[in-house]
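Coordinates in review
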Amino acid sequence: MATTKSLLNTPAEHTPNTQLTIDGLQVPGRSGELLIDLLNRRTAVNAQKPVPQVCYLKQMGPIESCDTCLVKVNGELARACSTRVVAGMKVETAGEAVDIAQREAFDRILENHMLYCTVCDNNNQNCTIHNTTAVLDVKHQHREYKRKPYEKDMSNPFYRYDPDQCILCGRCVESCQNVQVNETLSIDWESEHPRVLWDGGTKIEGSSCVSCGHCVTVCPCNALMEKSMLGEAGYMTDLPAATLNNMIDVVKGVEPPIGYGPILSLSEMESEMRNERTKRTKTVCTYCAVGCSFEVWTKERHILKIEPTHGPANGISTCVKGKFAWGHINSDDRLVKPLLRDGEGFREIEWEEALDIIEHTFKRIKNEHGPDALAFIASSKCTNEESFVMQKLARAVIGTNNVDNCARYCQNPATVGLQRTVGYGGDSGSIADIEKAGLVLIVGANPAENHPVLATRVKRSHKHRGQRLIVADLRKHEMAERADIFFRPNPSTDAVWMCAVSKYIIDSGLAKMDFVNKWVNHFDEFKKSLEPFTLEYAEKITGVPAATLTTVAHEIAAADGTCILFAMGVTQHCGGSDTSTALSNLLLVTGNYMRPGAGAYPLRGHNNVQGASDYGSMPNVFSGYQKVDDPEIRAKFEADWGVTLPTSKGLDNHEMIRAIQNGSLKSLYIKGEDTITSDANAGDVGDALSVCEFLIVQDINFSETCRYADLVLPAVPSLEKEGTFTSTERRIQRIYKAIEPLGEAKADWEIIQLIANRMGGNWNYQHPSEIMDEVARLTPLFAGVNYDRLEGFKSLQWPVHADGTDSPVLFTEKFPFPDGKAKFHPVEYIPPNEDISKEFDLHLNNGRLLEHFEQGSMTYRTAGLKEMTPNTWVEVSPSSPPSAASPRAATSNSPAPTALSACRSSSPIVFRGNNSTCR
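Here the structure is a predicted model, which is why all the values come from computation and not from measurement.

What follows concerns the pattern of salt bridges. Within the structure shown, the criterion is met by 49 salt bridges. For the salt bridge of Lys649 with Glu655, the shortest nitrogen-to-oxygen distance reads 3.3 Å. Residue classification places Lys649 among the partly exposed residues on the basis of a relative accessible area of 47%. What makes Glu655 partly exposed here is its relative accessible area of 32%. The partner of Lys721 in a salt bridge is Asp748, with the nearest N and O atoms 3.0 Å apart.

Moving on: the packing of aromatic side chains. A full pass over the atoms with the stated rule returns 23 aromatic pairs. Geometrically, the ring pair formed by Phe388 and Trp641 is edge-to-face, given 6.1 Å between the ring centres and 70 degrees between the ring planes. With Phe388 in helix 10 (residues 384-398) and Trp641 in helix 25 (residues 631-641), this residue pair connects regions lying 253 residues apart in the sequence. Residue Phe388 shares its accessibility class with Trp641, and that shared class is buried. Where Tyr615 meets Phe782, the ring centres are 4.5 Å apart and the plane angle is 5 degrees; that geometry is what we call stacked. With Tyr615 in the loop between helix 24 (609-614) and helix 25 and Phe782 in the loop between helix 30 (768-778) and strand 28 (796-797), this residue pair connects regions lying 167 residues apart in the sequence. Taken as a pair, Tyr615 and Phe782 share a single burial class, namely buried. Chaining the aromatic ring pairs together yields one cluster made of Tyr424, Tyr593, Trp798, Phe811 and Phe815. In this arrangement the basic side chain of Arg277 is found over the ring face of Tyr235, its NZ or CZ atom lying 4.0 Å from the centre.

Turning to the confidence of the model for the protein, a few remarks are in order. Note: predicted coordinates in regions of low pLDDT should not be interpreted at a detailed level. Taken residue by residue, the protein gives an average pLDDT of 91. The fraction at 70 or more is 95%. Contacts for the low-pLDDT stretch residues 881-887, under 50 throughout, to residues beyond four places or in other chains number 11 contacts. This model gives residues 894-919 a pLDDT under 50, and the stretch forms 85 contacts once residues within four places in sequence are excluded.

A separate point is the pairing of strand 24 (residues 694-699). Among the six residues that make up strand 24, six are buried, leaving the element largely enclosed by the rest of the structure. Side chains Phe694, Ile696 and Gln698 project from strand 24 onto one buried face, and the interleaved Leu695, Val697 and Asp699 project onto a second face that is buried too. Direction of pairing for strand 23 (residues 667-671) relative to strand 24: parallel, over a ladder of five bridges. Its bridge partner lying in strand 24, Ser667 is registered against Phe694. Direction of pairing for strand 24 relative to strand 25 (residues 711-714): parallel, over a ladder of four bridges. Among the inter-strand pairings, Val697 is bridged to a residue of strand 25, identified as Val712.

Rules of the game
- Residues numbered from 1 in each chain as written.
- Predicted model: local features only at pLDDT ≥ 70, side-chain atom pairs only at ≥ 80, totals over all residues.
- Heavy atoms only, no water.
- Salt bridge = Lys/Arg side-chain N within 4 Å of Asp/Glu carboxyl O.
- Buried < 20%, exposed > 50% of the residue type's maximum accessible area, 1.4 Å probe, protein only.
- Phe/Tyr/Trp six-rings, centres within 6.5 Å; stacked < 30°, edge-to-face > 60°.
- Helix = DSSP H or I, 4+ residues; strand = E, 2+ residues; numbered from the N terminus.
- Lys NZ or Arg CZ within 6 Å of the ring centre and 35° of its normal.
- pLDDT = per-residue confidence, 0-100.
- Contact = heavy atoms within 4.5 Å.
- Pairing = 2+ DSSP bridges.

Structure representation (structure tokens):
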């Protein structure tokens, strides 16, 4: 029977409903809550002396290994971390018995840990051991420190383990086993000298460790530390080892006569001095769209570490990229000045010259060929504000709706399917809903590698909260290995089994007809459209046994809330929009909208691909998906901007390439997008970019697409600017500037404003907050968004009403259609457009690697990631396909090779490369 663990993304309820006595005073409390949480809240409010606690961390729950939190409960000593509040209980947090017990427990800890705080890189006022020494006012250590016969483990590229400093509290094990749920770490308690083990061994290297950093984050001392901190954080920590050891010996020598008080005072002074040169800045991860937020610690331009604490999406969680992959910030090939093509190469120029060239060329092309001869591609990596001003530059200054972003490749099919049925093209709820759902169904997604922190929530609930897990995918990836049910549909056939399951649910009387009759239109039409989708037909097309689909149908119908997670395995097909629609129809027929713990969750790929579309960088909509061909909406924007706007839809990404080839598009401005490695058919795209009359590429590093540019503009990464990102759960969060821009690089919004003003725009934004204020003024979806409401770790999930009320769960009162009802949208099965034959019997299914992101433009600039995963590959099944309709799979772990060859072989084939031609 699974042990229930707390939810990670849903705060525990602590509204008082009972009374208890604490140190003689009547105190309100929440029946059933952990006593330690109540005591900690009292400490924070009343500035009282805290109850010591070493192994307890609220985000993980009780471990019960240290005993420093012992208090008296009804006259008996008890651990506050595992004691639940009961009405009328009497608690004593002080007194002789409590003091003796707490000191005894902490002395056993110090037996495993040498206090050399002043010369320790972890002496940064957040070391639990140091702080507990001060709380207990420890004067002397009664148990002598005992060394362990192990060397420091430096084998991981990003962190090290020092057994000699390890207090064996088990925090790291708990985080690995039950938060990250990678299940790598353990402690060998049977050994004479216990220590942390990786897969039962003493080396991190070669183990199943995924370098997520959870263990390092939760370590209460310096046993597990980021290598980027070593010799950098303190004033005296970069001294030679022999000198440091001598200093430590001196400290240990004076401790017996003078006690720890003076020694700790010195270390606290040194720790306070560190604050003068160490900056801690809240930011948001720039890889996938989970929206992890954390503090980045910097010393000038050196990134000391990433510290997750209480981000609304991730809490203490990170993945290897968010925790460690920041090498691109200071990489040697950062763009620092504008570059102008000079023959086959480029030469640096000043900003004024670059702006002169842009102004002259844009005006000439517009005058000679009209505004639609220019086009703009925004970035899914840049901020919401930068997406907004990019589309404003195109529409209000140039006069064209030719603007798009990379959501065209992966996000739009999901958006279309959801907009057809429920009105909004975003996640129905939050990550909090995914972890509390009765059933999670993952279709065409690999969250353990693509959205690792979100996957931890599913893994934890599945392991400890009885959540059911079903996976439909071509690959048996980690989530499939963990699933209660895993099945492999033939490629591009997911819509068929979804429709068949919907039909079976209706025919078997399992549909939630009360919900359907009240909240959904077009049921009869939908039911009739399902007539072809029998279980037998589905088995023939998908290759999934009818019995399996029957089981899946009953699981969905019986579950207390079903969340369907899907990604590019669904959307990147010719029938992607219809598959997303079929998925939403299935959720409607089972009543899995309008409630927590249910709904559709299109897992967005890039950190701000949701926001890039939300804020208007699309050819048919303004911000908030307001249609450009709606006269009333257009009039609103015209009045605010003081311009006349174009009236018809512009070109999307793919159409821009075709328009360059046919000669109608003369100029393309690409911001933060590596189009060559993102678009399908890189050769065709390269041919187009080669003949584009005027190509501007704006980026932080010299990308593959930059090679085709006439002008390259140096932008800055997230740590060098301010703004907001929108995550996959529609969560808007602020980023703050941690370090100054490198060289003459500028924030993307500043560059766009410079260009707009050269073209007569007369913009005067002084800060991104002013751009957001304009967005809120013009966009009902973001009416209540402003920077004050997003201060620090605060966030908002759209729609956001004018009073600041946001929407963690969508459709709680109605659906965003005129009558408030959702719509069933019938679909027809669209077979894949790739013919399968005896000659061409391989199906390429490209994905991503945990360690790298997309084509690796950022991650390959982090040496540790390149060391861990230096190459990419294609895996080819050695078995022959059973039939032409069921090909053997060739799976590509992206970043995919530049050129992919189809080979027939009875043994695995590996192709290696550094760039991706598809996503």
